[in-house]
Amino acid sequence: MNRKEYSYCFLRYSQDPESGEFANVGLALWSRENRFLGFMGAKRQARLKHFFNGLDERGFRSLIEYVDRQFKAIGRELAESLPLEALPDSVRGLAYRVVPLDEGSLVWGGARGGLTANPEMELKRLFERHIGKHFRAAERSNRRRRQEQGHRRRRQAQGAAVD
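Residues numbered from 1 in each chain as written. Predicted model: local features only at pLDDT ≥ 70, side-chain atom pairs only at ≥ 80, totals over all residues. Heavy atoms only, no water.

Caption draft 1: Quick peek at the pattern of salt bridges. One pass over the structure, following the stated rule, counts four salt bridges. Note that Glu77 is salt-bridged to Arg97, the shortest N-O span being 3.1 Å. Remark: Arg97 occurs in helix H3 (residues 91-98) and Glu77 occurs in helix H2 (residues 57-80); sequence separation between them is 20 residues. Residue Glu77 is classed as partly exposed on the basis of its relative accessible area of 43%. (Salt bridge = Lys/Arg side-chain N within 4 Å of Asp/Glu carboxyl O. Helix = DSSP H or I, 4+ residues; strand = E, 2+ residues; numbered from the N terminus. Buried < 20%, exposed > 50% of the residue type's maximum accessible area, 1.4 Å probe, protein only.)

Caption draft 2: Broad picture of the nonpolar core. Among the nonpolar cores identified, the biggest contains 27 residues, and Leu11, Val25, Phe71 and Trp108 are the most heavily contacted of them. The set of elements that each furnish at least two residues to this core consists of strand E1 (4-13), strand E2 (23-31), strand E3 (36-41), H2, H3 and strand E4 (106-108). Counting residues in each nonpolar core, the second largest holds ten residues, with Tyr6, Phe10, Leu126 and Ile131 among its members. (Core = buried A, V, L, I, M, F, W, Y, C linked by side-chain atoms within 4.5 Å.)

Caption draft 3: Layout of the side chain of Lys4. Mapped onto the secondary structure, Lys4 falls in strand E1. Despite its burial, Lys4 pairs with no opposite charge; the closest candidate is Glu33, at 4.9 Å N-O. Other than its neighbours up to four places away in sequence, Lys4 contacts Glu33, Asn34, Gly114, Leu115 and Thr116. (Lys, Arg positive; Asp, Glu negative; His and termini not counted. Contact = heavy atoms within 4.5 Å.)

Caption draft 4: Molecular detail of the side chain of Glu122. Here Glu122 is to be found in helix H4 (residues 119-162). Here Glu122 falls in the buried class, since its relative accessible area comes to 10%. Among the polar contacts made by the side chain of Glu122, one reaches the side chain of Arg125 at a distance of 2.7 Å. Residue contacts for Glu122: discarding those within four places in its chain leaves Tyr6, Leu29 and Thr116. (Polar contact = N/O pair within 3.5 Å; in protein donor to acceptor, adjacent residues only side chain to side chain.)

Caption draft 5: Representation of H2 within the structure. An ideal rise of 1.5 Å per residue puts 34 Å on 24 residues; H2 measures up with 35 Å between its terminal C-alpha atoms. Those residues of H2 lying buried are Phe60, Ile64, Val67, Asp68, Phe71, Ile74, Gly75 and Leu78. (Expected span 1.5 Å × (residues − 1).)

Caption draft 6: Fine view of the packing of aromatic side chains. One pass over the structure, following the stated rule, counts five aromatic pairs. Members of the aromatic cluster, connected to one another through ring pairs, are Tyr6, Tyr8 and Phe10. (Phe/Tyr/Trp six-rings, centres within 6.5 Å; stacked < 30°, edge-to-face > 60°.)

So this is what it looks like as structure tokens:
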């Protein structure tokens, strides 16, 4: 098994950066030796809607799609670059090319790293472990809450019909 180094960092969303509250909404991973750059972003917003009142769902979705497109373009550029060209050591420099360091609602967390034989699978594993599972749990919770509300309304309607 030929494991190679990679670095990754989280993309964080903060509706009010001054408050310091954030939710991890994406993950970028770079493996220099494999020339692999990947990004995965949250497709669902239930967790964010619960966490941040007034979330602009369409705007958020557009932001994540933009970030994804930019990473794909940079990934192609790096994969096709000449072997003699210098490549970044860490994902952070590449991440800042997509979402610059500023006071906006999207910010990058610190870089972390590891070893893997398959950077694409590692990206999926890390995303699921740190981000995906939380968004799915929020979706299930919201679905359960809607079902319970529906059951209550039906019981109330049936009770009113019997009286």
